[in-house]
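Chain and residue survey
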Amino acid sequence: MSAAPNDHDLRVLLLHGPNLNLLGEREPEIYGTATLDDHVAEAQRVARALGLDVESHQSNHEGELVELIQGARGRCAAIIINPGAFTHYAWSIHDALAAFTGPVVELHLSNPNAREPWRHTSVVAPVAAGTIAGFGAAGYELAVTAVARLLDAMDDQPR
Ligand code: DQA
């Protein structure tokens, strides 16, 4: 990937919403047996190989996620977010992401569109460059790779 002008251009915020702290124990038939730490380690491993640095946070609180997204403004180049159930109704997260200027990738372990109807709406999708869903643990690698490509494509644009 192309060299970025400074360090903050390379930082990627990886956010996890409610109940994702329980990964590994929570409904393993849907979400798998890997823990959140396992997923974050994999994201960091892939990111390092691509010249990116992943900063990860999990919160069960909508307002805390909004503050983390606001805090990424001017500090992080991109955001990867698995908003958990907030995906389906948390408009404050939509608005916070809309105020972030870099690329946003929405990530889910399961495929919400293949599940209950209330999971078929995402209020995050309209402010994301794209969504990675249904690939389980592999989604972390795919999301980091997607972010690297999006940042690379931005680098290629005239400023
Ligand atoms: C999830 C899907 C959501 O519908 C659910 O509420 C979650 C996890 C996923 O990663 O598959 O908590 O975001």
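See above for the structure.
Notes on the structure in this doc start here.

Calculation rules
Residues numbered from 1 in each chain as written. Predicted model: local features only at pLDDT ≥ 70, side-chain atom pairs only at ≥ 80, totals over all residues. Heavy atoms only, no water. Helix = DSSP H or I, 4+ residues; strand = E, 2+ residues; numbered from the N terminus. Rg over C-alpha atoms; globule rule 2.2 N^0.38 Å. Buried < 20%, exposed > 50% of the residue type's maximum accessible area, 1.4 Å probe, protein only. Contact = heavy atoms within 4.5 Å. Salt bridge = Lys/Arg side-chain N within 4 Å of Asp/Glu carboxyl O. Core = buried A, V, L, I, M, F, W, Y, C linked by side-chain atoms within 4.5 Å. Axes fitted to C-alpha atoms, helices over the stretch in contact; angles between N-to-C directions. Parallel < 35°, antiparallel > 145°, perpendicular 65-115°, else oblique. Nonpolar A, V, L, I, M, F, W, Y, C, P; charged D, E, K, R; others polar. Arc of directions from axis to C-beta. Near = heavy atom within 4 Å. Polar contact = N/O pair within 3.5 Å; in protein donor to acceptor, adjacent residues only side chain to side chain. Areas by Shrake-Rupley, 256 points an atom, 1.4 Å probe, with all protein chains shown as cover.

What follows covers the overall build of the protein. Helices and strands together make up the secondary structure of the protein, namely five helices and five strands. Going from the N terminus to the C terminus, the protein shows its helices and strands as β-α-α-β-α-β-α-β-β-α. For the protein, the C-alpha radius of gyration of 15 Å lies close to 15 Å, the compact-globule estimate for 159 residues. Along the three orthogonal principal directions, the C-alpha set of the protein runs to about 45 × 30 × 25 Å. Buried positions account for 42% of the 159 residues belonging to the protein. Nonlocal contacts in the protein, meaning residues at least 24 apart in sequence, comprise 77% of its contacts between residues at least 6 apart.

Structurally, the position occupied by H39 is in helix α2 (residues 36-49). Owing to a relative accessible area of 3%, H39 belongs among the buried residues under this scheme.

Turning to the pattern of salt bridges, a few remarks are in order. The tally for this structure, following the rule as stated, stands at six salt bridges. The residue E55 makes a salt bridge to R75 at a minimum N-O spacing of 3.0 Å. With a gap of 20 residues between them, E55 in strand β2 (residues 53-58) and R75 in the loop between α3 (62-71) and β3 (78-82) connect regions that are remote in the sequence. Residue E116 pairs with R119 through a salt bridge whose shortest N-O separation is 2.7 Å. Residue E116 is classed as partly exposed on the basis of its relative accessible area, which comes to 33%.

On to the nonpolar core. Among the nonpolar cores identified, the biggest contains 25 residues, and V12, L14, L52, I80, V144 and V147 are the most heavily contacted of them. Looking at this core, the elements with two or more residues in it are β1 (11-16), α2, β3, β4 (104-108) and α5 (138-155). Per-element accounting of this core gives the leading share, six residues, to α5. For V12, the residues in contact, after removing those within four places along its chain, are L52, D53, V54, E55, A78, I80 and V147. The next biggest cluster of nonpolar side chains, apart from the first, holds 20 residues, and it includes A72, I93, F100 and V123.

Let us look at the packing of α3 against helix α4 (residues 91-98). In the contact formed by α3 and α4, the axes pass within 9 Å of each other and the chain directions differ by 5°. Relative to α4, the element α3 lies roughly parallel. Counted together, E62, L65, V66 and I69 of α3 and W91, S92, I93, A96 and L97 of α4 form the full contact between these two elements. Residue composition of the contact of α3 with α4, by class: seven nonpolar, one polar and one charged.

Turning to α4, its buried residues number three or more, namely I93, H94, A96 and L97. All buried residues of α4 lie within an arc of 165° about the axis, which places them on one face of the element.

Near the ligand, the surroundings consist of R26, Y31, N82, G84, A85, H88, H108, L109, S110 and R119. In this structure, an oxygen atom belonging to the ligand sits 3.1 Å away from a main-chain N or O atom of A85. The contact in question runs from an oxygen atom of the ligand to an N or O atom on the side chain of H88, over 2.7 Å. For the ligand, the protein covers 99% of the area, taking 320 Å² as the surface of the free molecule. Across the shell around the ligand, the residue classes tally to three nonpolar, five polar and two charged.

Remember, this is a structural readout, not a statement about activity or role.
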